[in-house]
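For reference, the chains in residue letters:
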Amino acid sequence: MANLPECSALLLDQQGSRLYVTINRPEARNALSNEVVDELSAVIDAIADDRGIRTVILRGAGGTFCAGGDIKSFQESFQSTAPTDGSRDPIAINNNRFGEFMIKLNSMPQTLVGVIEGAAFGGGLGLVCATDIAICAAGTKFALSETGLGIPPAQIAPFVVQRVGITNARLLALSGARFNGPRALELGLVHFIADDADGLEATLKRVLNDIGKCAPGANAETKRILLDSQRKPLDEVLADAADTFARQLRGPEGQAGVMAFLQKQPAAWVETIE
Amino acid sequence: MANLPECSALLLDQQGSRLYVTINRPEARNALSNEVVDELSAVIDAIADDRGIRTVILRGAGGTFCAGGDIKSFQESFQSTAPTDGSRDPIAINNNRFGEFMIKLNSMPQTLVGVIEGAAFGGGLGLVCATDIAICAAGTKFALSETGLGIPPAQIAPFVVQRVGITNARLLALSGARFNGPRALELGLVHFIADDADGLEATLKRVLNDIGKCAPGANAETKRILLDSQRKPLDEVLADAADTFARQLRGPEGQAGVMAFLQKQPAAWVETIE
Amino acid sequence: MANLPECSALLLDQQGSRLYVTINRPEARNALSNEVVDELSAVIDAIADDRGIRTVILRGAGGTFCAGGDIKSFQESFQSTAPTDGSRDPIAINNNRFGEFMIKLNSMPQTLVGVIEGAAFGGGLGLVCATDIAICAAGTKFALSETGLGIPPAQIAPFVVQRVGITNARLLALSGARFNGPRALELGLVHFIADDADGLEATLKRVLNDIGKCAPGANAETKRILLDSQRKPLDEVLADAADTFARQLRGPEGQAGVMAFLQKQPAAWVETIE
């Protein structure tokens with residue numbers, strides 16, 4: 001079993017190579033407190049080099065994914081005194097820290113599956129943007145609601161653009177409108193919708209069984225190449241990908257995977273949920 | 001009321017914080033003459049620092065959005081003599097000016113809503129690509145028709161790529177095929193389609209009421225962050241977004257928006273069309 | 001007729017300005033052997049400066065597009081000895097060469113139409129990503145299946161990201177799941193689907209007739225501008241596009257195209273398949 005940190009705002013449950021992470025603040029509709037962010041960050045750090053955990057499943061307790069930022073804390077923030085000595089505003093420092101967390105969540109080596117129900121507003125919608133595969137209930141309510149509060153969706157804006165493209169990001173951020181699961185699928189925010197709770201679990205099982213066929217190390221390397229290709233020159237990405245390919249093919253996963261394919265047998269890493 | 005320039009190719013109508021801009025050359029199907037471009041550019045400049053105008057609605061008179069470039073002027077262009085002294089061809093200079101206009105239109109601080117009917121060809125399709133939210137009638141005819149005239153869709157090509165992605169841009173630009181509203185929605189060119197004129201106005205009203213709930217300054221800052229995220233390094237965008245967040249939260253919009261939310265009342269800036 | 005190389009793994013058939021290229025290894029489901037790649041590369045080189053060939057149609061013999069890489073050759077690869085003198089692994093060198101081929105295929109000046117049937121797995125899915133316009137049979141099976149073999153989809157990963165966006169690329173590469181034509185359309189991998197073989201040919205004919213209306217040189221220049229806009233600064237792309245516009249408008253295609261339009265006659269380059 002993985003060496004996981006103690007958490008009070010998250011529930012952690014490891015089953016085989018899968019780590020189920022549940023935001024557990026149902027009384028606050030799982031709003032993103034500093035505690036939630038710090039604990040999620042600690043979990044990601046703890047498993048970063050552990051290929052025994054291949055998949056992380058992120059969801060919210062009580063039928064709601066995440067209702068967004070903690071708006072009462074916004075009130076406390078602006079009631080605090082701004083620095084007058086030219087130093088950076090603590091509000092900006094704290095906000096920027098959330099962006100650093102988003103980078104970490106978005107690029108964790110495990111495959112991150114989001115199970116989205118109830119609501120995903122503001123920062124909750126930001127979390128969805130960092131998943132590799134997102135499944136949502138059709139009735140989920142989504143909104144990028146920040147500008148209705150007089151503030152920009154600051155740290156999540158670039159992740160929304162990466163997720164749904166600039167065309168849909170403009171719509172979501174500048175109208176703040178609520179939308180549901182089918183529209184989230186159309187806009188490219190999620191990959192699958194399910195009509196009800198049973199459908200959601202069935203889709204999750206299917207996705208986990210697909211991921212269970214993929215070699216853990218190959219998936220981690222592939223995710224890195226995909227994300228690198230967004231910001232590095234193409235020839236550099238291709239050269240690195242070629243070196244990675246050679247390393248993987250000569251390594252235990254490549255040898256086992258190719259032999260299993262030629263012998264028409266499942267590779268040793270295949271993990272199936274009944 | 002805003003201080004707006006005199007226009008002869010555009011109709012301007014300010015209602016509250018909304019500026020309705022109508023291209024008014026129905027006899028030429030609202031083709032993009034230099035006059036249309038110069039006047040639109042002057043309007044954008046005039047309102048650039050005016051947060052009293054929050055939304056610009058762009059449409060065409062006579063049931064047509066914009067039939068594209070002025071093809072007769074193309075004939076005059078190639079009949080002119082090309083410079084022989086090594087200086088830049090005036091055709092290139094004039095074409096490049098349109099690209100500078102496209103940058104300005106695309107990044108104006110107001111939220112730009114396009115209402116698309118009849119036809120959006122060539123440069124008219126380019127205008128659609130610069131809107132934040134585009135609503136079109138199902139029967140609208142679209143085409144990126146330039147290469148059928150022997151010329152590239154030069155200044156609009158990069159905006160088409162940003163709008164619909166490289167995959168769909170290749171299809172549109174290299175086949176020149178006509179398509180209609182439902183296909184424009186599928187391709188990611190527009191956000192909403194309506195079956196008829198009443199549906200178009202109803203959708204526009206709904207979109208304007210959504211934008212009317214968003215704080216004007218927050219929307220302007222958010223639009224800048226979204227567009228910046230396409231071309232600046234992620235850490236730079238996040239740092240700037242954090243500073244913007246702090247400034248907005250401490251400013252009048254953030255304070256009023258958060259207080260209105262906690263008191264379950266509409267913020268002072270909310271503007272609703274009945 | 002074009003001066004084409006002798007090929008044994010490809011069938012070449014020129015009809016007017018159209019070059020039909022068929023991967024002809026049906027016994028191996030048209031897997032991407034080195035021979036297939038080398039011959040395709042030689043064809044692209046041979047026609048690079050030949051505007052007499054305007055369109056290349058790529059398909060596979062025997063009802064299958066391309067089943068991907070040659071997995072038996074992977075076995076031979078990892079059984080070879082890795083260099084111990086610090087020189088680059090020949091596996092990496094060979095893999096990187098495929099990326100250079102992908103760049104060449106993706107940016108060939110002709111308009112590249114893919115006709116996809118049967119299966120497009122791994123590298124075969126990579127070829128689809130390099131087409132300008134892709135038409136597929138509804139029943140086609142697609143999968144980015146590499147990580148199930150313990151290896152990353154190394155050289156094609158960046159092209160998948162460009163094609164379907166990072167959001168869908170994460171799904172495809174990290175789950176490896178099979179999907180069919182309608183899902184390929186939804187994900188943005190192909191532009192058109194057809195229910196059966198007759199529908200596939202009818203759609204191909206329509207697409208070829210659309211391309212047949214576009215000026216060959218204008219299409220080649222436009223493709224270059226579109227691809228440049230993904231990696232060069234916007235102002236540089238717009239300046240180059242303006243110079244290209246002036247050159248094309250003063251050149252034979254621009255003059256003929258504009259005159260044909262004003263005289264309501266088809267331009268001389270229009271090519272129609274009955």
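Bear in mind that the values here come from a model prediction, so they are computed numbers and not experimental data.

Colleague: Give a detailed account of the overall build of chain A, specifying residues and quantitative values.
Modeller: Across its full length, chain A carries 10 helices and eight strands. Expressed as a percentage of contacts within chain A between residues at least 6 apart in sequence, the contacts between residues at least 24 apart total 68%. Carbon and sulfur atoms form 50% of the exposed surface of chain A, whose accessible area is close to 10400 Å². Taking the 25 positively charged and 32 negatively charged side chains of chain A as two groups, their mean positions are separated by 5 Å.

Colleague: Residue-level account of the interface of chain C and chain B, with values.
Modeller: Between chain C and chain B, the residue contacts involve 48 residues of the former and 44 residues of the latter. Summed over both partners, the interface of chain C with chain B comes to about 3900 Å²; 68% of that surface belongs to carbon and sulfur atoms. Ranking the residues of chain C by area buried against chain B places Leu-226, Phe-245 and Arg-250 of chain C at the top, with a combined share of 20%. Connecting chain C to chain B are three salt bridges. Arg-88 of chain B is paired through a salt bridge with Asp-243 of chain C; the nearest N and O atoms lie 3.0 Å apart. Going through the elements one at a time, α5 (157-175), α7 (197-212), α8 (216-228), α9 (234-250) and α10 (252-262) of chain C are the ones with two or more residues in the side of chain C that touches chain B.

Colleague: Hey, could you go over the packing of aromatic side chains for me, with residue numbers and the actual values?
Modeller: For any pair of aromatic rings, the description rests on two quantities: the centre-to-centre distance and the angle between the ring planes. Throughout the structure, instances matching the rule amount to nine aromatic pairs over all chains. Relative to Phe-245 of chain C, the ring of Phe-74 of chain B has its centre 5.8 Å away and its plane inclined at 70 degrees; by these criteria the two rings are edge-to-face. Note that Phe-74 of chain B is positioned in helix α2 (residues 71-79) and Phe-245 of chain C in helix α9, a pairing that runs across two chains. Note on accessibility: Phe-74 of chain B and Phe-245 of chain C belong to one class, buried. Ring plane angle 15 degrees and centroid distance 5.3 Å describe the contact between Phe-142 of chain C and Phe-179 of chain C, whose orientation is recorded as stacked. Taken together, the positions of Phe-142 of chain C in strand β7 (residues 141-143) and Phe-179 of chain C in the loop between α5 and α6 (181-187) put the pair 37 residues apart, joining distant regions of the chain. The burial state of Phe-142 of chain C is the same as that of Phe-179 of chain C; both residues are buried. If you follow Arg-206 of chain A out to its NZ or CZ, it ends over the ring of Phe-192 of chain A, 5.4 Å from the centre.

Colleague: Before we move on, can you summarise the interface of chain A and chain B with the specific residues and values?
Modeller: With 43 residues of chain A in contact, the opposing surface of chain B contributes 48 residues. Buried surface at the junction of chain A and chain B, both sides included, amounts to about 3900 Å², of which 68% is carbon and sulfur. Considering only the side of chain A, the residues that lose the most area to chain B are Phe-78, Arg-170 and Leu-174 of chain A, jointly responsible for 21% of the buried surface there. Between chain A and chain B we count three salt bridges in total. Arg-170 of chain A is the partner of Asp-132 of chain B in a salt bridge, and the nearest nitrogen-oxygen pair spans 2.7 Å. At the surface where chain A touches chain B, the tally comes to 15 residue pairs in polar contact (both at pLDDT 80 or more).

Colleague: Report on the domain arrangement of chain A, specifying residues and quantitative values.
Modeller: All names here are of chain A. In terms of domains, chain A is made up of domain 1 (10-211) and domain 2 (216-262). Computed from C-alpha atoms alone, the centre-to-centre distance between domain 1 and domain 2 is 28 Å. The partner domain 2 presents seven residues to the 12 residues of domain 1 that form the contact. Here domain 1 and domain 2 share an interface that buries about 700 Å² over both sides, 52% of which is from carbon and sulfur atoms. The interface formed by domain 1 and domain 2 contains one salt bridge. For Lys-223, the salt bridge goes to Asp-132, with nearest N and O atoms at 2.6 Å. Run the count over domain 1 and domain 2 and you get four residue pairs in polar contact (both at pLDDT 80 or more).

Colleague: Give a detailed account of helix α1 (residues 34-47) of chain C, specifying residues and quantitative values.
Modeller: Residues and elements named next belong to chain C. Helix length check: α1, at 14 residues, gives a terminal C-alpha distance of 20 Å against a target of 20 Å (1.5 Å per residue), a fit within 8%. Restricting attention to buried positions, one finds in α1 the residues Val-36, Val-37, Glu-39, Leu-40, Ser-41, Val-43, Ile-44 and Ile-47. On its buried face, α1 is in contact with β1 (10-15), β2 (18-23), β3 (55-60) and α3 (90-106).

Colleague: Tell me what's going on with the relation of the copies chain A and chain B, and back it up with residues and numbers.
Modeller: Each copy of the sequence occupies a distinct position, and chain A is placed on chain B by a rotation of 120 degrees and an axial shift of 0.0 Å, giving an RMSD of 0.0 Å. Here the copies are linked by what is in effect a three-fold axis. A share of only 2% of the interface residues of chain A reappears at the interface of chain B, consistent with the copies meeting through non-equivalent patches.

Colleague: Any chance you could break down helix α10 (residues 252-262) of chain B for me, citing the residues and the numbers?
Modeller: The set of residues buried in α10 of chain B consists of Glu-253, Gly-254, Gly-257, Val-258 and Ala-260 of chain B. The arc that holds every buried residue of α10 of chain B, seen down its axis, measures 160 degrees, which confines them to one face. Of the surrounding elements, those touching the buried residues of α10 of chain B are α2 (71-79) of chain A together with α8 (216-228) and α9 (234-250) of chain B. With its phi angle positive at about 55 degrees, Lys-264 of chain B sits one or two positions after the end of α10 of chain B.

Colleague: Describe the relation of the copies chain C and chain B, with residues and values.
Modeller: If you rotate chain C by 120 degrees and push it 0.0 Å along the axis, it lands on chain B with an RMSD of 0.0 Å. Looking at the interface residues of chain C, only 2% of them are also at the interface in chain B, so each copy uses its own face.

Colleague: Give me the environment of Gln-255 of chain A: which residues, what numbers.
Modeller: With respect to the helices, strands and loops of the structure, Gln-255 of chain A is situated in helix α10 (residues 252-262). Residues Gln-255 of chain A and Leu-149 of chain A lie 106 residues apart in sequence; the distance between their C-alpha atoms is 55 Å. Leaving out residues up to four positions away in the same chain, Gln-255 of chain A has contacts with Leu-249 and Arg-250 of chain A together with Phe-78 of chain C. Polar contacts involving the side chain of Gln-255 of chain A include one to the main-chain carbonyl oxygen of Arg-250 of chain A, which spans 3.2 Å.

Colleague: Please give an account of the sheet that holds strand β3 (residues 55-60) of chain A that cites residues and values.
Modeller: Backbone hydrogen bonds hold the strands of a sheet together, and the pairing may be parallel or antiparallel. All names here are of chain A. Within the open sheet, the six strands sit side by side as β1-β2-β3-β4-β6-β8. Their pairing is mixed. The strands lining the two open edges of the sheet, one partner per strand, are β1 (10-15) and β8 (192-194). Adjacent strand axes in the sheet meet at a mean angle of 20 degrees, parallel and antiparallel pairs treated alike. Its contacts with the sheet place helix α1 (residues 34-47) against β1, β2 (18-23) and β3, and it is angled at close to 25 degrees to β1.

Scoring rules and cut-offs
- Residues numbered from 1 in each chain as written.
- Chains lettered and ligands numbered in written order.
- Predicted model: local features only at pLDDT ≥ 70, side-chain atom pairs only at ≥ 80, totals over all residues.
- Heavy atoms only, no water.
- Helix = DSSP H or I, 4+ residues; strand = E, 2+ residues; numbered from the N terminus.
- Contact = heavy atoms within 4.5 Å.
- Areas by Shrake-Rupley, 256 points an atom, 1.4 Å probe, with all protein chains shown as cover.
- Lys, Arg positive; Asp, Glu negative; His and termini not counted.
- Charge placed at Lys NZ, Arg CZ, Asp CG, Glu CD.
- Buried area = accessible area lost by both parts, 1.4 Å probe.
- Salt bridge = Lys/Arg side-chain N within 4 Å of Asp/Glu carboxyl O.
- Phe/Tyr/Trp six-rings, centres within 6.5 Å; stacked < 30°, edge-to-face > 60°.
- Buried < 20%, exposed > 50% of the residue type's maximum accessible area, 1.4 Å probe, protein only.
- Lys NZ or Arg CZ within 6 Å of the ring centre and 35° of its normal.
- Polar contact = N/O pair within 3.5 Å; in protein donor to acceptor, adjacent residues only side chain to side chain.
- Domains from an automatic or database assignment.
- Expected span 1.5 Å × (residues − 1).
- Least-squares fit on C-alpha atoms with pLDDT ≥ 70 in both.
- Arc of directions from axis to C-beta.
- Pairing = 2+ DSSP bridges.
- Axes fitted to C-alpha atoms, helices over the stretch in contact; angles between N-to-C directions.

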